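Tertiary structure, described
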Amino acid sequence: MKLRQKVIFLAITPLILALCTIALFVRHQAITLAQQQRDTIQQAWLASKEAELKHYVDLATRSVAHLVDSGKRDQATLDEAKRILSTLSYGDDGYFFVYDFQGNSLMHPRQPELVGRNLWEMRDVNGEPTIQRLVERARAGGGLQRYIWAKPSINKSAPKLGYVVPIENWGWMLGTGIYLDDVDAALAKIDAQQSRNIQSTMQWIALLAIVSALVVASSGLALNISELRVADAKLKVLAQRVVESQEQERARLSRDLHDGISQWLVSIKLQIEAGVIRLGGDADQQQKARASFEHTAGQLNDVLGEVRRISHNLRPAILDDLGLAAALEHLAHEATQNSALPVRFVARGVTDGLPDVANTVLFRIAQEALTNIERHAGARQVDITLAREDNNVTLTIADDGAGFDAASVAIHPKRGIGLRNMMERMDAIGGQLAITSSAAGTSVQAAAPLPGKPGKPGKPGKPGKPGKGTRA
């Protein structure tokens, strides 16, 4: 998996996990709330129906109270009471019934076929003795009782909530009830509606997750494309600058060889040829030949010095032979002689132990910094410090010249290649580069970790305010 794909994956995965967690939490809370709402509706509905049933039974008992209170128990009085109760109804499934305490049906307006029958042993579909439970409730003083009974309007058994009271004078049980299948249907409808609401919420959350993931992926893709274009542009400029730098270095070497060494070698060749001719002459010519050879030897020394200078610029042998501190001291001495700019070098602590590649990197950074100072800073003094700090070897090049905006120069596609080269060199060895610049001067600090001892280089300092000069 490529880096940009990993970045997009790491951006989308927490988002999807968060949305899934939210969805599960919302679903759990919705189900809990729906159950609580269902229970509340059911309790409220049943409470109202229970009160309603009690009022119905009170109304029925009052309608026959004058007959009960008369003390009569003849057949005519009982039949009159049954007639009155049979006329009291509230809908197709709302009626009153009368049983005696032995389970005999005395009055049932919706099921007259049961009248006169003993239903004491009658049991419902669940095997419960229906009449026995009702009689027990009536003997206990009356109250509510749940049971299953045939519903007249549909001619099917349905759960029913009954309310019964005793009529002690006559040994009767008077009661009525309401069927609960309508309640169950209403609650089922509520459950279905809540389930659809929960499902709709989950679908919206899923849609939001998909849209969010697509937005993140699209944004990441657009950012990657944009960054790739910028990186490609910078890479092309950098490659061009590298080629230009190589060509400039080759041109410089060509000039040094042609204008310096080549001219000296031609002059030496001519002097040697002239000396060889003079060796065949008289004593005076031989003496001149001797002087010519001595002059030629001096010129050869100059040529050797020039070769050493060119070789030192390519890679100083002293860096391999005596180490980084000696090479930097020699670099400071050469910079002072060549540019008339005072460059002081100080080494503190034991700075040996770095790998060859790290020594080369620090030396090249010092070279690049001195070149920039000479070209752009207009400094009067340069200090180079090599020091051991904890598990790092730190190189610091500080000048008192005009500062520059390090941040803007570092990211400019056509400028600051020297600074970018420094940063890339330090990144390659696991070190850090800090550049601070202001109108009072500039400080370049490079920290390289010692092998086997991971260092903690300081974080790059904040760029100073733009100064009068700009460095490349």
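Everything numeric in this text was worked out from a predicted model, so none of it was measured.

Burial within strand 8 (residues 392–399) is extensive, with seven of its eight residues counted as buried. One ladder, built from eight bridges, connects strand 7 (residues 382–389) with strand 8; its direction is antiparallel. Along strand 8, the bridge assignment pairs I384 with I397. Here strand 7 folds back onto strand 8 in antiparallel fashion, the turn holding two residues, of which D390 has a positive phi close to 55 degrees.

Next up on the list: the sheet that holds strand 4 (residues 156–167). The five strands are arranged 2-1-5-4-3 in an open sheet whose pairing can be described as antiparallel. Both edges of this open sheet fall to strand 2 (105–107) and strand 3 (143–151), since each of them pairs with a single strand only. If you compare each strand with its neighbour and ignore which way they point, the axes differ by 40 degrees on average. Sheet analysis places strand 4 next to strand 5 (residues 172–179), joined by eight bridges and oriented antiparallel. Bridge pairing in strand 5 links K160 to Y179.

Reading predicted coordinates in detail is not appropriate for stretches of low pLDDT. This prediction gives the protein chain a mean pLDDT of 80; 87% of its residues lie at or above 70. Within the model, pLDDT remains below 50 along residues 455–472, and this stretch shows 57 contacts once partners closer than five positions in the same chain are excluded.

The next point concerns the sheet that holds strand 6 (residues 343–348). Across the sheet, five strands lie side by side as 6-7-8-10-9; this open sheet has mixed pairing. Taken across any chain shown, the strands that pair with only one partner, and hence form the sheet edges, are strand 6 and strand 9 (432–438). Across the sheet, the axes of successive neighbouring strands diverge by a mean angle of 10 degrees, strand direction being ignored. Here strand 9 runs beside strand 10 (residues 441–449); their pairing, made up of seven bridges, is antiparallel. Across the sheet, S438 pairs through a bridge with G441, a residue of strand 10. Sheet strands in contact with helix 8 (residues 324–339) are strand 6, strand 7 and strand 8, and its direction is about 165 degrees off that of strand 6. Sheet strands in contact with helix 9 (residues 356–377) are strand 6, strand 7, strand 8 and strand 10, and its direction is about 10 degrees off that of strand 8.

Let's shift gears to the pattern of salt bridges. Summed over the entire model, instances satisfying the criterion amount to eight salt bridges. Between E128 and R133 there is a salt bridge; the shortest N-O distance is 3.3 Å. Residue E128 is classed as partly exposed on the basis of its relative accessible area of 37%. Taking relative accessible area as the criterion, R133 reaches 32% and is therefore assigned partly exposed. Here K151 makes a salt bridge to D181, at a shortest N to O gap of 3.0 Å. Taken together, the residues K151 in strand 3 and D181 in helix 5 (residues 181–279) connect sequence positions 30 residues apart. A relative accessible area of 5% places K151 in the buried class. The structure contains a network of salt bridges with shared partners spanning D93, K151 and D181.

Another aspect to go through is the packing of aromatic side chains. Applying the stated criterion to the full structure yields five aromatic pairs. Geometrically, the ring pair formed by F97 and Y99 is edge-to-face, given 5.8 Å between the ring centres and 70 degrees between the ring planes. Y99 matches F97 in its accessibility class, with the two residues each being buried. Site record: aromatic cluster; members linked through ring pairs are Y56, Y90 and F96.

About the cut-offs
- Residues numbered from 1 in each chain as written.
- Predicted model: local features only at pLDDT ≥ 70, side-chain atom pairs only at ≥ 80, totals over all residues.
- Heavy atoms only, no water.
- Buried < 20%, exposed > 50% of the residue type's maximum accessible area, 1.4 Å probe, protein only.
- Helix = DSSP H or I, 4+ residues; strand = E, 2+ residues; numbered from the N terminus.
- Pairing = 2+ DSSP bridges.
- Axes fitted to C-alpha atoms, helices over the stretch in contact; angles between N-to-C directions.
- pLDDT = per-residue confidence, 0-100.
- Contact = heavy atoms within 4.5 Å.
- Salt bridge = Lys/Arg side-chain N within 4 Å of Asp/Glu carboxyl O.
- Phe/Tyr/Trp six-rings, centres within 6.5 Å; stacked < 30°, edge-to-face > 60°.

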